[in-house]
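Letter by letter, the chains look like this.
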Amino acid sequence: MEEYVVRTTVDRRAMTALARAARKTLRRRRSRLVHTFGMAVTAVMLVLALGNWMIGDRTWWLNLALALLMLVVTASEDTVNGLAGLRQVQPGSREVTAEFTGEHYVHQTGTAVSLWQYDKVQAVCETGEYFILLLDSRHGQVYAKEGFTRGTPMAFRDFISRKTGKLIVYL
């Protein structure tokens, strides 16, 4: 019987990876709309800055600063969402141990134990450091590759793909 045990510390990097995985898979359409809106607002602010500068208005730099701020926020969306998600992690829940068996997997923190069926996983993603299981567009679980205490990341990749019936999206 195949079993895998993974210990993970949920930190800023893990939550940023989780946010990126959700954006690139389950929230792809919404993300495109948000980025398009952000770029449109940035363009308007740049045009206003240029117009104010050309007529000699001293406040042109405010529009330029707002355009730059919009660019920074749009470019760092995953980090911002990861930090927001990290703030929602309950105290005592940052250390996670997950045990994957043939029928289900158990996600255990210092404050809760959850049993999950593989058919609840909507997407599986992999980065250089993590495996990410997305349950819906707002909920997911992240597991560090270096945290395997039973099994290996390479064997787990095949196992989780087979159990969920999902192709793994490499990010």
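About the criteria used
Residues numbered from 1 in each chain as written. Predicted model: local features only at pLDDT ≥ 70, side-chain atom pairs only at ≥ 80, totals over all residues. Heavy atoms only, no water. Buried < 20%, exposed > 50% of the residue type's maximum accessible area, 1.4 Å probe, protein only. Helix = DSSP H or I, 4+ residues; strand = E, 2+ residues; numbered from the N terminus. Pairing = 2+ DSSP bridges. Expected span 1.5 Å × (residues − 1). Contact = heavy atoms within 4.5 Å. Axes fitted to C-alpha atoms, helices over the stretch in contact; angles between N-to-C directions.

Quick look at the pairing of strand S5 (residues 123-126)
Burial along S5 is two-sided: the face carrying Ala123 and Cys125 and the face carrying Val124 and Glu126 are both buried. By the bridge criterion, four bridges tie S5 to strand S6 (residues 130-136) in an arrangement that is antiparallel. Across the sheet, residue Val124 finds its bridge partner in S6, namely Leu133. Taken together, S5 and the strand that follows it, S6, pair antiparallel across an intervening segment of three residues. Taken together, the three bridges between S5 and strand S9 (residues 168-170) define a ladder with parallel strand orientation. Residue pairing for S9: Glu126 is matched across the bridge by Tyr170.

Section: helix H2 (residues 28-54)
Over its 27 residues, H2 runs 39 Å from end to end, which matches the ideal 39 Å to within 8%, given 1.5 Å per residue. Of all the positions in H2, only Ser31, Gly38, Thr42, Met45, Ala49 and Asn52 are classed as buried. Against helix H1 (12-24), helix H3 (60-75) and helix H4 (77-88) lie the buried residues of H2.

Section: the sheet that holds strand S1 (residues 4-9)
Pairing is antiparallel across the open sheet formed by five strands, whose spatial order is S4-S3-S2-S1-S8. With partners counted over all chains shown, the strands left at the sheet margins are strand S4 (113-117) and strand S8 (148-150), one partner each. Looking at each pair of strands side by side, their axes are set apart by 20° on average, direction ignored.

Remarks on the pairing of strand S7 (residues 139-144)
Alignment of S6 against S7, held across six bridges, turns out to be antiparallel. The residue of S7 that forms the bridge with Ile132 is Val142. What sits between the antiparallel neighbours S6 and S7 is a turn of two residues.

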